[in-house]
Protein chains: 2
Amino acid sequence: MNIYEKRLSRARTSMNAHGLDALILTPGAAMRYLTGFSEPGSRFLALIIPDDRPWLLVTPTLNASQARENPAGIQDIRVWDDALGWDPLLVQLSKELMLDIGIVGLDDDMPARFALRLQEMMPTTLLKLAGTALAPLRAVKDALELAALQHAAEATDALIPIAYAACREGESEMEIALAVQQATARGGFADSFAPIVGAGANGATPHHNTGKTRVKTGDVVILDFGAMTDGYHGDITRTVAAGTASDEAKRVYEIVYRAYSAGVAAVRPGATAHEVDSAARKVIADAGYGEFFIHRTGHGIGLDDHEAPYMLAGNYTPLQPGHCFSVEPGIYLPGKFGVRLENIVTVTEDGTARVLNQAIPPEILTL
Amino acid sequence: MNIYEKRLSRARTSMNAHGLDALILTPGAAMRYLTGFSEPGSRFLALIIPDDRPWLLVTPTLNASQARENPAGIQDIRVWDDALGWDPLLVQLSKELMLDIGIVGLDDDMPARFALRLQEMMPTTLLKLAGTALAPLRAVKDALELAALQHAAEATDALIPIAYAACREGESEMEIALAVQQATARGGFADSFAPIVGAGANGATPHHNTGKTRVKTGDVVILDFGAMTDGYHGDITRTVAAGTASDEAKRVYEIVYRAYSAGVAAVRPGATAHEVDSAARKVIADAGYGEFFIHRTGHGIGLDDHEAPYMLAGNYTPLQPGHCFSVEPGIYLPGKFGVRLENIVTVTEDGTARVLNQAIPPEILTL
């Protein structure tokens, strides 16, 4: 039994435990996790896990040869053609697999164009989200996945000096981002996401759209980027000062650094995601900046760049060995600047966090 | 009234004409088309177009400052916070905007995680797809959009010599793709999609996953790539021979070239998408290769790389001036090679197709 067959078996067990009779997954992280196979495209392509029959793939003719080579060794491949569309095949399958009288979990990322159409074809089916059954499985990384995430982290770390070298006065945010992207491509990696470079006041918008603003002396600059390998994502954030750092920038940086450290220190098996968030948030609140930390402390990472577990107030999920997620507190001062610091950590058996990335400088780096 | 306000007004008119009481659009091409604003992310962010009240934006705190700067000048911005989640706000809005007693069109690309959750929050709402109302509007490009598509086409054409130079014996598909991607980034453009490079027998899979296969003498190689600018996509395919071309490769290429030419020649206002598909398909069928042309003849292009109108058997949509789409017939010979030729065309007022890209060589180019 290969790794994908094992995962498919566990997915079916979890599906049943969560009261679902079948899963329909479209291309993306969940399908890739379970089969090693996922093809982008605008046509309907799906993995179907029925209750007590073999799993199968539905594919347009265009991707049939790729589907037949799926690493999970799935033999039952049902092909539909552009000229007929996917409706007749799905209507037939809904009867054959008894999807029409069950509770079916849809891929959380399935586009509404497919989800609503499926509901029309199977009006008596109760549709739920597959993620309730799959996210807990995917959140716990096995040794192969940890190795892939470590590889992505190292590829991401290798971009830090590139980003620092590009982050000079007069350079635009886009030029800095481009330097990072070119180095990513040269290294043979893909971007995890479009790099976020926020100079000066732009950094006060956590997800600033990297633009034409040029770095000025004294700017605090947020650099958030990642390299991806084998589908596994890297994601780090560094904050630096251009030329010179103001006392306020130094002070805010040190608070965020202490918040980051407190978040990492709170990571251990059995602690909750809520506690990690609280530990980081308390440092910032105690320093008087609570209202300027306007997002959760972190997100899980793997085949998706954001996935379970989320380090979020009210998320009482207990952490387990193999969980991988970001710790990334920030302080955002409107009209002034922002500071965010982020590394990826994993929960280890021995009761601590292992940080996958290079250490974050405890004081703001002046470039 | 700016361009976005005009589009929003037209969208509301079309929404009513299609029997929808409101639209809920999540980040992506439709939101960008209507507002100039779209933010990637995993949190719920939406444009809501109610029936008889001002349109509004729902945003997480994280993107609030960006939402307030939306180019459409939308003033009503509703913000939700990570700690509370988006549920309370949406439940309130569903009552305030009377979404709970209407027929609501969801973004065709809205992930099921949002679509199914909205259905739970608004159990008496009938959910449909917004695309039925929006796709016909978006399919007809205005002068600004045509200029953007022309710009994307020229940026894409500029990559052709790069691709040809990289496509040498001994180079791998990935190396060729990387050369194209690096040149795209150097030009200040984004990839429209991950380049498809299919060497030899790999080319017989239309959407081959660019891999480690190296180009050998005599290989027919498919090169499919595009540059994107201001959100508008480029997309072309060229097929070349490495070192030497077999008689079969020459013959198949010429058939595909004639099919491409016939497809383009069939484009005029009032012709149907079906007719364009048929014109190209007939050339290939008449030459005896009908069973090896295993996909539709083309797809619309704009803010999405695949959108209406689709050049597909059975699509009797009449073509209109401003429609933009690919014409891309292909012949795929399993175990041997594939040939696909693709340019983007637009329907003009004067009754012909204008090809946005450089002319395709009528005979296979040997590199």
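Let me sum up the structure you'll find in this document. Residue positions within a chain follow its written sequence, with the count starting from 1. The naming scheme follows written order: chains are lettered A onward, ligands numbered 1 onward. Thresholds applied to this predicted model are a pLDDT of at least 70 for local features of residues and 80 or more for the giving and counting of side-chain atom pairs; totals over whole chains, interfaces and linings are not thresholded and use all residues. Based on all heavy atoms of the structure, the side-chain values leave hydrogens and waters out of the count.

It is worth spelling out the overall build of chain A at this point. Secondary structure counts use DSSP, requiring at least four H or I residues in a row for a helix and at least two E residues in a row for a strand, with both numbered from the N terminus. Along chain A, the regular secondary structure elements total 11 helices and 20 strands. The globule rule used here is 2.2 Å times the number of residues to the 0.38 power, and the radius of gyration it is set against is calculated over C-alpha atoms. Relative to a compact globule of 367 residues, whose C-alpha radius of gyration would be 21 Å, chain A shows 23 Å and is just as compact. Along the first, second and third principal axes, the C-alpha set of chain A runs to 70 × 45 × 35 Å. Contact criterion: two residues are considered in contact whenever any of their non-hydrogen atoms come within 4.5 Å of each other. Summarising the internal contacts of chain A: among those between residues at least 6 apart in sequence, 65% fall at separations of at least 24. Each accessible area value is a Shrake-Rupley result obtained with a 1.4 Å probe; residue values ignore everything except the protein chains displayed when judging cover. For chain A, the exposed area adds up to about 13800 Å²; of that, 55% sits on carbon and sulfur atoms. Separation of charge centres in chain A, based on 31 positive and 44 negative side chains, amounts to 1 Å. Positive charges are assigned to Lys and Arg, negative charges to Asp and Glu, while His and the chain termini are left out of the count. Working definition for charges: the position is that of NZ of Lys, CZ of Arg, CG of Asp or CD of Glu.

Time to look at the environment of A:Ala17. Residues and elements named next belong to chain A. With respect to the helices and strands, the residue Ala17 is situated in helix α1 (residues 3-17). The cut-offs for exposure are 20% and 50% of the maximum accessible area for each residue type, with area from a 1.4 Å probe on protein chains only; residues under the lower value are buried, those over the upper are exposed, and the others partly exposed. What makes Ala17 exposed here is its relative accessible area of 64%. Between the C-alpha atoms of Ala17 and Pro40, which are 23 residues apart in sequence, the distance is 30 Å.

Before going further, it helps to examine the interface of chain B and chain A. Between chain B and chain A, the contact holds 34 residues from the first and 34 residues from the second. The junction of chain B with chain A conceals about 3300 Å² of combined surface from both sides, 54% of it contributed by carbon and sulfur atoms. Throughout this description, the term salt bridge denotes a Lys or Arg side-chain nitrogen within 4 Å of a carboxyl oxygen of Asp or Glu. Remark: the boundary between chain B and chain A carries 2 salt bridges. One salt bridge connects A:Arg113 with B:Asp109, and the closest N-O pair in it is separated by 2.7 Å. In protein, a polar contact means a hydrogen-donor-capable atom and an acceptor-capable atom, both N or O and within 3.5 Å, with residues adjacent in sequence counting only if both atoms are side-chain atoms; elsewhere, any N or O pair within 3.5 Å suffices. At the boundary of chain B with chain A, the tally comes to 17 residue pairs in polar contact (both at pLDDT 80 or more). Counting residues per element, the ones that place at least two in the side of chain B that touches chain A are α3 (64-68), α5 (112-121), β6 (126-129) and α9 (173-186) of chain B. Per-element accounting of the side of chain B that touches chain A gives the leading share, 4 residues, to α9(B). Charged means Asp, Glu, Lys or Arg here, nonpolar means Ala, Val, Leu, Ile, Met, Phe, Trp, Tyr, Cys or Pro, and polar covers whatever is left, Gly included. Tallied by class, the residues present in the side of chain B that touches chain A amount to 12 nonpolar, 12 polar and 10 charged. Here the buried area means the combined drop in accessible surface, using a 1.4 Å probe, for two parts upon being joined, counting both sides.

Taken as a whole, this structure holds 42 salt bridges over all chains when the rule is applied. A single salt-bridge network, built from bridges that share partners, covers A:Arg138, A:Lys141, A:Asp304 and A:Glu307.

With that settled, consider the environment of A:Ala152. All names here are of chain A. Relative to the helices and strands, Ala152 resides in helix α7 (residues 143-157). In sequence terms Ala152 and Gly231 are 79 residues apart; their C-alpha atoms lie 9.2 Å from each other. Setting aside anything within four residues of it in sequence, one finds Ala152 in contact with Ala227, Thr229, Tyr232, His233 and Gly234.

The next subject is the relation of the copies chain B and chain A. Rotating chain B by 180° about the axis while translating it 0.1 Å along that axis superimposes it on chain A, leaving an RMSD of 0.0 Å. The symmetry that links the two subunits is that of a two-fold axis. No C-alpha of chain B approaches the rotation axis more nearly than that of B:Pro111, which lies at 2.4 Å. Most of the interface of chain B is mirrored in chain A, where 100% of its interface residues again form contacts. For this overlay, a least-squares fit was computed on C-alpha atoms, restricted to residues scoring pLDDT of at least 70 in both copies.

Right, let's get into the environment of B:Cys167. Residues and elements named next belong to chain B. By the secondary structure assignment, Cys167 is in the loop between α8 (160-166) and α9. Separated by 30 residues in the primary sequence, Cys167 and Val197 place their C-alpha atoms 9.4 Å from one another. In this view, Cys167 contacts Ile176, Val221, Val240 and Leu367; residues no more than four positions away in its chain are not counted.

Another aspect to go through is the sheet that holds strand β1 (residues 22-25) of chain A. Within a beta sheet, neighbouring strands are joined by backbone hydrogen bonds and run either parallel or antiparallel to one another. Residues and elements named next belong to chain A. Spatially, β4-β3-β2-β1-β5-β6 is the arrangement adopted by the 6 strands of the open sheet, whose pairing is mixed. Each edge of the sheet is formed by a strand with only one pairing partner; in this case those strands are β4 (77-80) and β6 (126-129). Each neighbouring strand pair of the sheet contributes to a mean axis angle of 25°, computed without reference to strand direction. Here strand β2 (residues 46-49) runs beside strand β3 (residues 56-60); their pairing, made up of 3 bridges, is antiparallel. The partner of Ile48 across the bridge, within β3, is Leu56. A fitted line through C-alpha atoms represents every axis, and for helices the fit uses only the stretch in contact; the resulting angles, taken between N-to-C directions, go from 0 to 180 degrees. α1 rests against β1 and β2 of the sheet, and its axis sits at about 60° to β2. Relative to β4, helix α4 (residues 87-96) is tilted by about 150°, and along the sheet it contacts β2, β3 and β4. When DSSP finds two or more bridges between a pair of strands, those strands are recorded as paired.

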